[in-house]
Amino acid sequence: MLAFAALAWVPWSASEYHTHVLVISFYYVILAIGWNLLAGYTGQFSLAHHTFAGVGAYTSALLVQYAGVPILVGIAAGVIVAAALGYGLGTLCLRMRAIYLALATWAFAESMRLLITVEYGITRGDLGLTTPFLFATPRPTPYYFLFLALAILAALAARELIDSRIGSYMRAIRDDEEAAAVMGVDTFKWKRFVFAVSAVFAAVAGGFQGHYVGLLSPTPMKFNEMAMIVVMVIVGGLRTFPGPILGAVFIEVLSEALRAWGEVRMVLFALLVILIARGYPEGLVGIARAIGRRLVARVPAPQSG
């Protein structure tokens, strides 16, 4: 509530363009938090996270358009479909390790993108599928409050999960899966659970975002989108709680500032990831902590009387 109140004034002091940038930043915050749970805390490097956002968006849009269901019902259905796909994909892929898991999830993501592209009669393919606006307006101000609330709720849910017994299982699996299994942790069960949870995070973000932009296409389901999520988490701080939040906002704002550079932005982001990984593996969080320690070290100790 304090975080929401502290940021609620922004739309009244910023332009609609800057408010829109912040809305998209909050959208990526939710995606980044979900992927960090899977990759950062559980050690499972999936390349299909962005696809579940697309699944949530398309499921809701298709149900609203063809079945006439209310938008919130469509979003809820998209979350259920994404969770089921995440559970199924996890069942098939999570016995794989490292590069094999990454390749399998990437193949799934590309298959889903191609399916949506070729099913022109249903999804409209590259021409785009129109979706009704959630608040009956394309203006970003009401969506700012919505996505701010969703981002805060996602952070709270992630914090609860990380601090719970399941969070201990996740970290044990990440640090040494074989040792965790010896200690009695059902590693496959909990990896699959976190995989489905991360899919839910993505689908919630994608479902609401689809009814904000008003037009869906397969383009955001390309690998560039997944690369952006990875960059956000690594730059912010992989395996840290505030890292995905800081990284998502920082990279999205920077991306908009460099929009005139086109695809050159991705080269700059790649260089930034290399520098961060070499100098501060904890990303912006690590840099902030290092600065904080230096400032504290410069504060003179109180003189004893």
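What counts and how
- Residues numbered from 1 in each chain as written.
- Predicted model: local features only at pLDDT ≥ 70, side-chain atom pairs only at ≥ 80, totals over all residues.
- Heavy atoms only, no water.
- Helix = DSSP H or I, 4+ residues; strand = E, 2+ residues; numbered from the N terminus.
- Buried < 20%, exposed > 50% of the residue type's maximum accessible area, 1.4 Å probe, protein only.
- Phe/Tyr/Trp six-rings, centres within 6.5 Å; stacked < 30°, edge-to-face > 60°.
- Salt bridge = Lys/Arg side-chain N within 4 Å of Asp/Glu carboxyl O.
- 1 Å grid on protein atoms, 1.4 Å probe; cavity = no way out; pocket = protein on both sides within 12 Å on 5 of 7 lines; lining within 4 Å.
- Points joined across faces, edges and corners; volume = space filled by probe spheres on them.
- Nonpolar A, V, L, I, M, F, W, Y, C, P; charged D, E, K, R; others polar.

Caption draft 1: Looking closely at the environment of Y58. Mapped onto the fold, Y58 is located in helix α4 (residues 49-67). Residue classification places Y58 among the buried positions, given a relative accessible area of 5%. With 35 residues separating them along the chain, Y58 and C93 place their C-alpha atoms 24 Å apart.

Caption draft 2: Focus on the packing of aromatic side chains. Enumeration according to the criterion identifies 13 aromatic pairs in this entry. Aromatic pair W35 and F45: ring centres 5.2 Å apart, planes at 80°, arrangement edge-to-face. Of this pair, W35 sits in helix α3 (residues 16-40) while F45 sits in the loop between α3 and α4; the two residues are 10 residues apart in sequence, bridging distant segments of the chain. For W35, a relative accessible area of 1% puts it in the buried group. Classification of F45 as partly exposed rests on a relative accessible area of 36%.

Caption draft 3: The pattern of salt bridges, seen in detail. Tallied over the full model, the rule gives seven salt bridges. Measuring nitrogen to oxygen at the nearest pair gives 3.0 Å for the salt bridge that ties D175 to R174. Judged by relative accessible area, D175 falls into the exposed class, the value being 54%. Residue E256 pairs with R259 through a salt bridge whose shortest N-O separation is 2.5 Å. Look at E256 and you get buried, because its relative accessible area is 14%.

Caption draft 4: The arrangement of the layout of surface pockets in detail. Roughly 860 Å³ of internal volume is contained in the largest pocket. Taken together, 30 residues form the lining of the largest pocket, with Y28, T219, P220, E225 and R259 sitting closest to its centre. Going through the elements one at a time, α3, α4, α11 (187-213), β2 (215-216), α12 (223-236), α13 (243-257) and α14 (264-279) are the ones with two or more residues in the lining of the largest pocket. When residues of the lining of the largest pocket are assigned to their parent elements, the largest contribution, five residues, is made by α4. Of the residues assigned to the lining of the largest pocket, the class counts are 13 nonpolar, 10 polar and seven charged. Here the second largest pocket is characterised by a volume of approximately 270 Å³. Around the second largest pocket, the lining is made up of 16 residues, and of these L7, L148, A151, I152 and I245 lie nearest the centre. Elements with a contribution of two residues or more to the lining of the second largest pocket: α1 (2-7), α3, α8 (141-163) and α13. Sorting elements by how many residues they give to the lining of the second largest pocket places α8 first, with seven residues.

Honestly, it's all geometry; don't read function into it.
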